[in-house]
Amino acid sequence: MIKKYHILVLNGPNLNLLGIREPKKYGNKSLKEIINILFKKAEKKNFKLNHFQSNAEHKLIDYLIKYKDKFNYIIFNPGAFTHTSIALRDTLLGINIPFIEVHITNIYKREIFRNKSFFSDISEGIILGLGTYGYVLALKIIFRRLLN
């Protein structure tokens with residue numbers, strides 16, 4: 001019997017503006033386009049994929065807690081919560097699901113206040129500065145980790 005793995009793609013604030021928000025920094029692909037690419041790649045590997053995005057910290061936390069037993073892995077772009085959310089960090093520690101932190105831009109080449117991540121030290125890995133392709137790379141890494 002083949003085990004079906006389930007991955008969550010979790011996106012924080014303003015990522016719903018991808019494609020229109022500062023395209024020179026974040027690219028021209030919408031979040032919907034990115035998620036559609038990931039869904040197709042997951043389907044080819046017989047993985048199940050869910051996506052959730054919110055601009056509200058408590059909604060991200062509530063979603064993680066409600067569905068904590070559903071997912072094997074998380075691709076997480078916390079957006080601006082990267083630099084502010086101890087509550088989200090505590091939730092990820094509490095639910096104990098491995099995750100890869102993804103950032104479209106290189107947070108270390110931006111404003112100094114963006115240089116600190118509350119998630120990097122508890123993540124399985126970090127992909128940053130590679131544009132929206134970072135999501136695809138994270139998915140490929142998860143495939144390898146779960147299938148090997």
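Below: a short report on this structure. (Residues numbered from 1 in each chain as written. Predicted model: local features only at pLDDT ≥ 70, side-chain atom pairs only at ≥ 80, totals over all residues. Heavy atoms only, no water.)

**Thoughts on the pattern of salt bridges**
Applying the stated criterion across every chain, the model contains seven salt bridges. Here Lys 25 makes a salt bridge to Glu 22, at a shortest N to O gap of 3.2 Å. When the shortest N-O distance is used, the salt bridge between Arg 110 and Glu 111 registers 3.8 Å. Arg 110 sits in the buried class, given a relative accessible area of 18%. Taking relative accessible area as the criterion, Glu 111 reaches 33% and is therefore assigned partly exposed. (Salt bridge = Lys/Arg side-chain N within 4 Å of Asp/Glu carboxyl O. Buried < 20%, exposed > 50% of the residue type's maximum accessible area, 1.4 Å probe, protein only.)

**Regarding helix H5 (residues 133–147)**
When the terminal C-alpha atoms of H5 are compared, their 21 Å separation across 15 residues agrees well with the 21 Å that a helix rising 1.5 Å per residue should span. The set of residues buried in H5 consists of Gly 134, Tyr 135, Val 136, Ala 138, Leu 139, Ile 142, Phe 143 and Leu 146. On its buried face, H5 is in contact with strand S1 (6–11), helix H2 (31–44), strand S2 (48–53), strand S3 (73–77), strand S4 (99–103) and strand S5 (125–128). (Helix = DSSP H or I, 4+ residues; strand = E, 2+ residues; numbered from the N terminus. Expected span 1.5 Å × (residues − 1). Contact = heavy atoms within 4.5 Å.)

**Regarding the environment of Thr 82**
For Thr 82, the position within the fold is in the loop between S3 and helix H4 (86–95). A residue is classified by how much of its surface remains accessible, and Thr 82, at 0% relative accessible area, is buried. Considered as a pair, Thr 82 and Glu 101 are 19 residues apart in the sequence and their alpha carbons are 9.3 Å apart. Leaving out residues up to four positions away in the same chain, Thr 82 has contacts with Glu 101, His 103, Lys 116, Ser 117, Phe 118 and Phe 119. Within the structure, Thr 82 has its side chain in polar contact with the backbone oxygen of Gly 79 (distance 2.6 Å). (Polar contact = N/O pair within 3.5 Å; in protein donor to acceptor, adjacent residues only side chain to side chain.)

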